[in-house]
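Descriptive analysis of the structure
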Amino acid sequence: MSSEAPPGTPGHGGGITSVRRHAGKVHRSDETDEWVIRYEVICPDCGDDGGPFDEQPAPVQQVRGPYPDFVEARKAVARHTGAG
Ligand SMILES: [Zn+2]
C-alpha cells in the first residue's frame, strides 16, 4: 500500500518519486531541429505509470514539469514529497 501523505507533506512518495531525463525535439525557425534534454518528475504515488506525457491525467502532468535542469527537478521533488 502506498503512502497516505498528500503531495507536499513529509512522507509523500514513499521514496519512490524520481527524476527522469527526457529528450524532446525543438523545431527552430532556421529549420534545424534540435534535441533538448529536460527533466521530468515521476511520482508513482500520484498515479504516474511512467507512460507517455500525453496519456497522464492533468495532475500528473503538472507534477512532471518538465524542468530545464536536474537541480530544478530535484528541488521540485523535494517540494512535492515534503522533504524540502
Ligand atoms: Zn506525488
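Refer to the structure printed above.
**A closer look at the environment of glutamate 34**
Secondary-structure assignment places glutamate 34 in strand E2 (residues 33–42). Given the relative accessible area of 34%, glutamate 34 is considered partly exposed. A C-alpha to C-alpha distance of 22 Å links glutamate 34 and valine 71, two positions 37 residues apart in sequence. For glutamate 34, the side chain forms a polar contact with the side chain of arginine 28, separated by 3.2 Å.

**Concerning the nonpolar core**
Among the nonpolar cores identified, the biggest contains nine residues, and these are Val19, Tyr39, Val41, Cys43, Val63, Tyr67, Ala73, Ala76 and Val77. Examining the composition of this core, we find that three residues originate from one element, helix H2 (residues 70–81), more than from any other. Setting aside anything within four residues of it in sequence, one finds cysteine 43 in contact with His12, Thr17, Asp48, Val63 and His80.

Cut-off values and rules
Every chain is numbered independently, its residues counted from 1 as its sequence is written. Only residues with pLDDT of 70 or above have their local features reported here, since the model is predicted, and side-chain atom pairs are shown and tallied only from 80 upward, although totals for entire chains, interfaces and linings are computed over all residues. Note that the side-chain values use all heavy atoms of the structure and ignore hydrogens as well as water. Runs of E in the DSSP output that reach at least two residues are strands. Runs of H or I that reach at least four are helices, and both are numbered from the N terminus. Using a 1.4 Å probe on the protein chains alone, a residue whose accessible area is under 20% of its type maximum counts as buried, one over 50% counts as exposed, and one in between counts as partly exposed. Residues adjacent in sequence count toward polar contacts only when both atoms are side-chain atoms; beyond that, a polar contact is any pair of N or O atoms within 3.5 Å, and within protein one must be able to donate a hydrogen and the other to accept it. In this text, buried Ala, Val, Leu, Ile, Met, Phe, Trp, Tyr and Cys residues form a nonpolar core when linked through side-chain atoms within 4.5 Å. The contact criterion used is simple: two residues touch if any of their non-hydrogen atoms lie within 4.5 Å.

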